Amino acid sequence: QVQLVESGGGLVQPGGSLRLSCAASRSIDSTYAMGWYRQAPGKQRELVARITSSRRLNYADSVKGRFAISGDIAENTVYLQMNSLKPEDTAVYYCAAETTRREYWGQGTQVTVSA
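Definitions and cut-offs
Within any chain, residue numbers begin from 1 and follow the written order of that chain's sequence. Owing to the predicted nature of the model, reporting of local features is limited to residues with pLDDT of at least 70; listing and counting of side-chain atom pairs is limited to 80 or more, with chain, interface and lining totals taken over all residues. To obtain the side-chain values, all non-hydrogen atoms of the structure were included, while hydrogens and water were left out. Numbering of helices and strands runs from the N terminus, with a helix taken as a DSSP run of H or I at least four residues long and a strand as a DSSP run of E at least two residues long. Here the globule rule reads 2.2 Å times residues to the power 0.38, and the radius of gyration is calculated from C-alpha atoms. Buried residues are those whose accessible area, probed at 1.4 Å on protein chains only, stays under 20% of the maximum for their type, while exposed residues exceed 50% and partly exposed ones sit between those limits. In what follows, a contact means two residues having at least one pair of non-hydrogen atoms within 4.5 Å. Surface accessibility in these figures is a Shrake-Rupley result with a 1.4 Å probe; residues are shielded only by whichever protein chains are displayed. When charges are tallied, Lys and Arg are placed among the positive residues and Asp and Glu among the negative ones, while His and the ends of the chain are skipped. Throughout, a charge is located at the NZ atom of Lys, the CZ atom of Arg, the CG atom of Asp or the CD atom of Glu. Between 30 and 60 degrees the pair is tilted, below 30 it is stacked and above 60 it is edge-to-face, where a pair is any two Phe, Tyr or Trp rings, Trp via its six-membered ring, whose centres lie within 6.5 Å. Charge-over-ring contacts are defined here by two conditions on Lys NZ or Arg CZ: a distance within 6 Å of the ring centre and an angle within 35 degrees of the ring normal. The salt bridge criterion pairs a side-chain nitrogen of Lys or Arg with a carboxyl oxygen of Asp or Glu, the two atoms within 4 Å. What is meant by a nonpolar core is a set of buried Ala, Val, Leu, Ile, Met, Phe, Trp, Tyr and Cys residues, joined one to another through side-chain atoms within 4.5 Å. Strands pair, by our definition, only if DSSP identifies at least two bridges between them. Working convention: axes come from line fits to C-alpha atoms, limited for helices to the stretch in contact. Angles between N-to-C directions cover 0 to 180 degrees.

**Observations concerning the overall build of the chain**
- If you tally the helices and strands in the chain, you get zero helices and 11 strands.
- Element order for the chain, N to C, with α for helix and β for strand: β-β-β-β-β-β-β-β-β-β-β.
- In terms of overall size, the chain behaves like a compact globule, its C-alpha atoms giving a radius of gyration of 13 Å where 115 residues would be expected to give roughly 13 Å.
- Based on the C-alpha atoms only, the size of the chain along its principal axes is roughly 40 × 25 × 20 Å.
- When the 115 residues of the chain are sorted by exposure, 43% land in the buried category.
- Restricting the contact set of the chain to residue pairs at least 6 apart, pairs at least 24 apart contribute 54%.
- Within the structure as shown, the chain displays about 6100 Å² of accessible surface, and the carbon and sulfur contribution to it stands at 45%.
- Of note, the chain has its 13 positive side-chain charges centred 2 Å away from the centre of its 10 negative side-chain charges.

As structure tokens, then:
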């Protein structure tokens, strides 16, 4: 069973930075995109950033200019550099891999932005 493993979450003060990492336990065939999603308490899961095999990038409007996604789709690794963090960025962040057959999800990593 393939697993996506996230790391890098934690507690940070407003204005601070964190870097999230995600890697698959083994290569996932036919992956065409990977991304980061987040879910805050009482809210729906939302897309934060996504990268495709053709290097197309998508960002939520709320993180544009502050977050940067990078990674290697062929290696099933993806990173999220988060700068100028705000309290409203507090959420559980999930890594996802999209293939032609299904999606894979990580277990999530908590990011808390608080003074």
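**A closer look at the packing of aromatic side chains**
- Tallying each qualifying case throughout the model produces one aromatic pair.
- The cationic tip of Arg45 hangs over the ring face of Tyr94; the distance from NZ or CZ to the ring centre is 3.8 Å.
- Between the NZ or CZ atom of Arg102 and the centre of the ring of Tyr104, over which it lies, the distance is 4.0 Å.

**What about the pattern of salt bridges?**
- Evaluation of the coordinates by the stated rule reveals five salt bridges.
- Asp89 serves as the salt-bridge partner of Arg66, at 2.7 Å between the closest nitrogen and oxygen. Of this pair, Arg66 sits in the loop between strand E6 (57-59) and strand E7 (67-72) while Asp89 is found in the loop between strand E8 (77-82) and strand E9 (91-99), placing the two residues 23 residues apart along the sequence.
- Judged by its relative accessible area of 1%, Asp89 falls in the buried class.
- Residues participating in the shared-partner salt-bridge network are Arg38, Glu46, Arg66 and Asp89.

**Structural notes on the nonpolar core**
- Counting 30 residues, the largest nonpolar core has Leu4, Trp36, Leu80, Met82 and Tyr93 as the members making the most contacts within it.
- When residues of this core are traced back to their parent elements, those giving at least two are strand E3 (18-24), strand E4 (31-39), strand E5 (46-52), E7, E8, E9 and strand E11 (109-113).

**Regarding the pairing of E11**
- Of the two faces of E11, only one is covered, namely that formed by Thr109, Val111 and Val113; the face formed by Gln110 and Thr112 stays uncovered.
- Bridging between strand E2 (residues 10-12) and E11 involves three bridges; their strand directions are parallel. Looking across to E11, one finds that Gly10 is bridged to Val111.
- The pairing of E9 with E11 spans three bridges and is classified as antiparallel. From the neighbouring strand, Ala91 faces E11, where its bridge partner is Val111.

**Considering the side chain of Thr77**
- As for its placement among the helices and strands, Thr77 is situated in strand E8.
- Once residues lying within four places of it in the same chain are set aside, the contact partners of Thr77 are Cys22, Ala23, Met34, Ser70, Gly71 and Asp72.

**Here we look at the sheet that holds E3**
- Strand order across the open sheet formed by four strands is E1-E3-E8-E7, with antiparallel pairing between neighbours. Bordering the open sheet on either side are strand E1 (4-7) and E7, each of which pairs with just one other strand. When strand polarity is set aside, the average angle formed by the axes of neighbouring strands in this sheet is 15°.

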